[in-house]
Amino acid sequence: MKSILKTLAIVLTLAFTAVSCSSDDDKGSGNNSREVKYEITGNYTGTLSTTFFEKGGNVLNEDITKLPWTKEFTAEAKSIGASLSASGYGGVAGQTLTGKMYIGGKLENELTAKANNDGIIVLSLTPFVFGQ
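Residues numbered from 1 in each chain as written. Predicted model: local features only at pLDDT ≥ 70, side-chain atom pairs only at ≥ 80, totals over all residues. Heavy atoms only, no water.

Caption draft 1: Just the overall build of the protein, in detail. If you tally the helices and strands in the protein, you get one helix and 10 strands. Along its sequence from the N terminus, the protein presents helices and strands in the succession α-β-β-β-β-β-β-β-β-β-β. Burial statistics for the protein: of 132 residues in total, 39% are counted as buried. Looking at the protein alone, contacts between residues at least 24 apart form 69% of all its contacts between residues at least 6 apart. (Helix = DSSP H or I, 4+ residues; strand = E, 2+ residues; numbered from the N terminus. Buried < 20%, exposed > 50% of the residue type's maximum accessible area, 1.4 Å probe, protein only. Contact = heavy atoms within 4.5 Å.)

Written as structure tokens, this is what we have:
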């Protein structure tokens, strides 16, 4: 079950990234900073892991052993954006997780997810694409 949730989180992250990187005329949100902070908080008590873009733009998976969880870094020039997702199993129905993504100290995205009746939770923020 754990590997299925990790695979689901990776697939969702990559799918959202592919969609967000489609060619269009907008130049990002106007926030040109590459200072990234991810934050996950909540009362979820099950087994939990997160998938995120690290400073070089690669996707990493990390087990979360304690909430709150944070990760901060400066993204390298080759990195196209920031993305965060988390998934878990073994929690209690109704427990929550809140994910936040800060770019340059500004809150760019926030989402709260709730565990289903089986205690499974999935949190996936829309990726942020750095301005070019």
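Don't stop here, the text continues.
Caption draft 2: Representation of the sheet that holds strand S1 (residues 35-42) in the model. Read across the open sheet, the four strands follow the order S4-S1-S7-S8; overall the sheet is antiparallel. The open sheet has two edge strands with one neighbour each: strand S4 (69-74) and strand S8 (106-114). Strand-to-strand twist in this sheet, taken as the mean axis angle between neighbours without regard to direction, amounts to 10°. The sheet contact formed by strand S7 (residues 96-103) and S8 spans eight bridges and is antiparallel. When the bridges of S8 are listed, Tyr102 appears paired with Leu107. (Pairing = 2+ DSSP bridges. Axes fitted to C-alpha atoms, helices over the stretch in contact; angles between N-to-C directions.)

Caption draft 3: Quick peek at the packing of aromatic side chains. This model, assessed by the stated rule, comprises four aromatic pairs. For the ring pair Tyr38 and Phe52, a centre distance of 5.8 Å and an interplane angle of 55° mean the geometry is tilted. Here Phe52 lies in strand S2 (residues 47-53) and Tyr38 lies in strand S1, a separation of 14 residues in the sequence. Chaining the aromatic ring pairs together yields one cluster made of Tyr38, Phe52, Trp69 and Phe73. (Phe/Tyr/Trp six-rings, centres within 6.5 Å; stacked < 30°, edge-to-face > 60°.)

Caption draft 4: Main features of the pattern of salt bridges. A complete count under the given rule lists five salt bridges for this structure. Glu62 is the salt-bridge partner of Lys71, the closest N and O atoms lying 3.0 Å from each other. A relative accessible area of 25% means that Glu62 is categorised as partly exposed. With its nearest N and O atoms 4.0 Å apart, the salt bridge here joins Glu110 to Lys100. (Salt bridge = Lys/Arg side-chain N within 4 Å of Asp/Glu carboxyl O.)

Caption draft 5: Spatial organisation of the environment of Thr45. The residue Thr45 is located in the loop between S1 and S2 in this model. Residues Thr45 and Lys66, spaced 21 residues apart in sequence, show a C-alpha to C-alpha distance of 9.1 Å. With sequence-adjacent residues up to four places away left out, Thr45 is seen in contact with Gly91, Val92 and Gln95. A polar atom in the side chain of Thr45 sits 3.0 Å from the side chain of Gln95. (Polar contact = N/O pair within 3.5 Å; in protein donor to acceptor, adjacent residues only side chain to side chain.)

Caption draft 6: Examining the side chain of Glu54 more closely. Inspection of the secondary structure assignment puts Glu54 in the loop between S2 and strand S3 (59-64). Lys55 provides the closest opposite charge to the buried, salt-bridge-free Glu54, at an N-O distance of 6.3 Å. Here the side chain of Glu54 touches Asn58 through a polar contact of 2.8 Å, landing on its backbone nitrogen. The contact partners of Glu54, leaving out residues within four places of it in the chain, are Leu60, Phe73 and Ser79. (Lys, Arg positive; Asp, Glu negative; His and termini not counted.)

So, to be careful, I would describe these as geometric facts and stop short of saying anything about function.
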